[in-house]
Amino acid sequence: MLHSIAGIMTPFLIAALGGLYTERAGVLNIALEGLMLIGAFTAAAVAGLTGSMGLGLFSAVLVSGLGSYFYATTALRLRANIFIAALAVNLFAAGFTGIASQAIFSTKGVVRFEKFPVLPRFSLPLLSEIPLLGPLFTDQSVFVYAGWLMVPLFAWILYRTPAGLRIRAAGSNETALVLRGVSPRRVRERATVISGITCGIAGASLTFNLGAYVPNITSGRGWIALVAIFLGYKRPGGILLVSFLFAAAELLAQNAQGIGNIPASLLLAFPFFITFIGMVVFSALHTSLLKVIRKIR
Amino acid sequence: MPESRPVSTFFSILVAVSAAFLLLLLLVPFISETPGKTLASFLTGPFRSAYYLGNFLHRAGLYALAGLAMVLSFQGGMFNLGGEGQVYTGALGTTMVLLIFPDLPGLPGILIGLVTGLLSGALLAGISGFFRMKWNTDELISSFLLSSSLVYTIDYLVSGPLRDSERYLLSTPEIAAAFRLPIILPPSHLNMGIILVLLLIWGTHRFLYHSSVGYELRITGLNREFAGYGGIPVNRYHFLPITLSGAMYGLAGSLYILGMGHATVQGCTGGMGWNGIAIALIARTRPFLIIPASLVFTFLEAGAQNAVVHSDFSFEFGAILQAVVLFFVTARFFRPKIFKKGAK
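Structural notes, computed from the coordinates.

What counts and how
Residues numbered from 1 in each chain as written. Chains lettered and ligands numbered in written order. Predicted model: local features only at pLDDT ≥ 70, side-chain atom pairs only at ≥ 80, totals over all residues. Helix = DSSP H or I, 4+ residues; strand = E, 2+ residues; numbered from the N terminus. Buried ≥ 20, exposed ≤ 12 C-beta atoms within 10 Å, placed from the backbone. Contact = placed C-beta atoms within 7 Å. Bend = angle between axes of the 7 residues up to and from the residue. Axes fitted to C-alpha atoms, helices over the stretch in contact; angles between N-to-C directions. Parallel < 35°, antiparallel > 145°, perpendicular 65-115°, else oblique. Left-handed = near helix turned anticlockwise from the far one by under 90°. Nonpolar A, V, L, I, M, F, W, Y, C, P; charged D, E, K, R; others polar. Core = buried A, V, L, I, M, F, W, Y, C linked by C-beta atoms within 7 Å. Expected span 1.5 Å × (residues − 1).

Helices and strands together make up the secondary structure of chain B, namely 13 helices and zero strands. Mapped in sequence order, the helices and strands of chain B form the string α-α-α-α-α-α-α-α-α-α-α-α-α. Relative to its full complement of 344 residues, chain B shows a buried share of 54%. The contacts of chain B with a sequence gap of at least 6 include a subset with a gap of at least 24, amounting to 78%.

Next comes the structure, spelled out in structure tokens:
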């Protein structure tokens with residue numbers, strides 16, 4: 001149970017951590033989904049053709065990172081509406097991966113590779129023996145452990161380094177940055193590139209986990225990551241918790257399929273729906289909590 | 001959201017449209033074996049015959065309605081990203097109600113179909129609006145999530161429980177012939193629906209610029225705080241724009257079914273939600289500018305479809321075309337003279 005949850009949550013966790021930086025820098029990055037999809041496709045194409053997982057991951061990060069750089073600089077410098085530009089990225093990714101898949105593999109459908117690298121899985125010595133939490137560290141892929149490590153790393157950068165301070169200031173107090181001679185726009189561009197990089201990793205983790213490329217492999221995970229940022233109170237720890245809950249809900253749905261005979265095609269709707277419900281419940285709780293606090297005061 | 005800076009505005013629309021056009025021109029030689037011919041058919045496509053012209057205008061009419069939906073949403077300062085699901089739901093709602101009551105007389109049946117489509121779209125968008133009003137749930141994300149879950153649900157319904165097993169397509173049964181909108185330009189699909197679209201464009205203009213509710217909606221969209229100080233019940237306008245927008249999207253789905261589709265086929269209205277956003281932005285969210293904007297966009301799209309008619313890329317090219325337009329359409333290529341702090 002816990003073992004599978006860790007696997008399911010990793011892509012949204014990693015994508016959300018990068019998205020957190022853009023969010024804290026004052027840009028709502030709805031392009032996560034598209035950037036992840038581009039990363040997943042690049043990872044599949046490069047790793048499938050070369051047989052090297054490292055090269056696949058590297059190029060996924062490179063392409064998603066460059067993509068986000070292009071999108072952020074163009075949108076921010078031309079002062080375009082950032083949501084609309086991000087929407088364009090998502091639509092572009094959906095169209096582009098289809099055409100590229102046809103051009104490279106002559107199919108728009110599922111692509112399987114003969115020499116696709118197998119994702120190594122291993123257990124961490126001491127941690128896997130912890131009662132209850134052990135399965136989280138047993139027989140997991142590299143990406144799962146990378147996800148665990150990234151949470152404290154990203155939190156440390158955000159709260160304890162000058163770079164993190166700038167990111168937070170770009171979102172909360174732009175004037176302070178300008179007075180310090182730092183361009184808020186540059187900070188936002190860099191934050192967006194970081195989110196592009198994490199989306200590349202997240203996308204690659206999806207393909208490597210599956211060992212094949214499926215069209216629209218992300219199927220809403222970028223959006224789930226975006227919602228996880230909000231529901232996690234824009235904090236790395238909160239994001240970890242929310243990703244865990246969403247993954248648990250998804251696992252539950254997958255199991256329900258076996259019991260309740262729910263058709264697979266309907267299951268595609270489930271992540272979107274559960275994320276929607278999660279979002280509404282959260283905002284309801286949040287609003288009533290604010291009311292209570294106001295009353296006490 | 002829209003700010004009038006006429007020269008820059010015009011320029012960025014020009015860049016967006018010509019970038020999309022250029023992209024198409026560049027792609028033609030790669031896809032087509034007879035680039036010259038493809039290119040010619042791309043440029044003259046809609047004007048080859050009454051049939052092509054009629055279909056072109058019909059499609060532009062549906063897109064204009066989708067664009068109008070986004071005009072209402074943008075003017076109220078709200079982001080409705082759920083168009084895809086709202087159009088699809090409107091289409092299914094219309095189809096279902098007319099399948100359940102196949103014996104209705106023609107005109108009342110059509111009216112009931114239209115109202116059902118309108119209400120289904122409005123309901124779907126209204127849910128996001130209601131939660132925004134009540135608990136401040138971000139409507140941009142919630143409308144997208146809700147709409148996506150509905151798109152997959154309808155895909156399932158159409159391929160499973162509601163499927164007409166006698167048809168080759170993944171589709172519901174067809175509605176009765178009495179409910180089909182009369183065709184204006186046979187043999188094309190251009191039908192009476194286009195008149196409704198033109199009326200709605202005029203109506204939206206009257207509503208936004210000549211009614212007090214429309215005025216309040218626009219002021220709230222421009223500046224919520226100012227509107228609040230002016231005594232406008234701001235919270236209501238967290239609900240109204242997106243619900244009206246959903247109603248228009250639903251109506252677009254409905255018109256598609258009554259005028260052309262006659263049955264909900266899997267993915268039949270795909271792309272209309274995103275097109276609405278592109279068209280509303282090209283039109284700079286002005287109701288009357290929707291007419292040229294939808295014509296230009298439909299022309300580009302028809303060109304793309306034409307260019308790839310022998311390959312199976314219509315969805316991908318549609319998406320890339322939308323992406324290119326959306327990417328440049330809000331850009332500002334001229335810097336304003338005075339740097340405004342806090343501007344988007």
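Now that the structure has been shown, the text picks up again.
A few words now on helix α1 (residues 2-24) of chain A. Residue and element names in this part refer to chain A. Met9 marks where α1 bends most, by close to 40°; the proline Pro11 follows one to four residues later. Among the 23 residues in α1, 19 count as buried, and that is most of the element. Of the residues flanking the end of α1, it is Gly26, one or two places downstream, whose phi is positive at about 95°.

Right, let's talk about the packing of α1 of chain A against helix α5 (residues 142-160) of chain A for a bit. Residue and element names in this part refer to chain A. Packing of α1 against α5 leaves a shortest axis separation of 9 Å and a crossing angle of 20°. Relative to α5, α1 is oriented roughly parallel. You can see that α1 and α5 cross each other, and the crossing is left-handed. Contacts between α1 and α5 involve Ala6, Gly7, Thr10, Leu13, Ile14, Leu17, Leu20 and Arg24 from the former and Phe143, Val144, Gly147, Met150, Val151, Phe154 and Leu158 from the latter. Of the residues assigned to the contact of α1 with α5, the class counts are eleven nonpolar, three polar and one charged.

What follows deals with the interface of chain B and chain A. Facing 36 residues of chain B, the contacting portion of chain A comprises 34 residues. Contributions of two or more residues to the side of chain B that touches chain A are made by α5 (106-135), α6 (139-159), α11 (272-282) and α13 (314-329) of chain B. Take the side of chain B that touches chain A: its biggest share by element is 13 residues, from α6 of chain B. Of the residues that constitute the side of chain B that touches chain A, the class distribution is 22 nonpolar, ten polar and four charged.

Our next topic: the packing of helix α2 (residues 32-50) of chain A against helix α9 (residues 221-231) of chain A. Residue and element names in this part refer to chain A. Where α2 meets α9, the closest approach of the two axes is 7 Å, and the angle between their N-to-C directions is 135°. On the basis of their axis angle, the class for α2 and α9 is oblique. Relative to α9, α2 is oriented so that their crossing is right-handed. The segment α2 lies against α9, with Leu32, Glu33 and Met36 engaging Arg221, Gly222, Trp223, Ala225 and Leu226.

All names here are of chain A. For Pro135, the position within the fold is in the loop between β2 (121-122) and β3 (140-141). Judged by C-beta crowding, with 17 C-beta atoms within 10 Å, Pro135 ranks as partly exposed. Residues Pro135 and Ala247, spaced 112 residues apart in sequence, show a C-alpha to C-alpha distance of 15 Å. If sequence neighbours within four positions are ignored, Pro135 has contacts with Leu2 and His3.

Moving on: the nonpolar core. The biggest cluster of nonpolar side chains holds 192 residues, and the ones touching the most others in it are Ala228 of chain A together with Leu65, Ala252, Ile282, Val325 and Leu326 of chain B. When neighbours within four sequence positions are excluded, Leu326 of chain B is seen to be in contact with Ile84, Leu87, Ala88 and Leu91 of chain A together with Ile277 and Ala278 of chain B.

Residue and element names in this part refer to chain A. With respect to the helices and strands, Ala72 occurs in helix α3 (residues 53-77). Residue Ala72 is classed as buried on the basis of its 27 C-beta neighbours within 10 Å. Residues Ala72 and Ala60, twelve residues apart in the sequence, show an inter-C-alpha distance of 18 Å. Those residues in contact with Ala72 that lie beyond four places of it in its chain are Arg188, Glu189, Thr192 and Val193.

Moving on: unusual backbone geometry. The residue after Pro186 of chain B, namely Pro187 of chain B, is reached through a cis peptide bond having omega 5°. By the element assignment, Pro187 of chain B lies in the loop between α6 and α7 (193-210). Its identity is not glycine, yet Asp139 of chain A carries a phi of approximately 55°, on the positive side. With respect to the helices and strands, Asp139 of chain A occurs in the loop between β2 and β3. Looking at Asp139 of chain A, the number of C-beta atoms within 10 Å reads 13, which means it is partly exposed.

Quick look at helix α10 (residues 240-261) of chain B now. Residues and elements named next belong to chain B. For α10, with 22 residues, the first-to-last C-alpha span of 30 Å sits near the 32 Å given by 1.5 Å per residue. Along α10, 21 of the 22 residues are buried, which leaves the element largely enclosed by surrounding structure. Immediately beyond the C-terminal end of α10, within one or two residues, lies His262, with a positive phi of roughly 65°.

Note that every value here comes from positions in space, so none of it alone points to a role or purpose.
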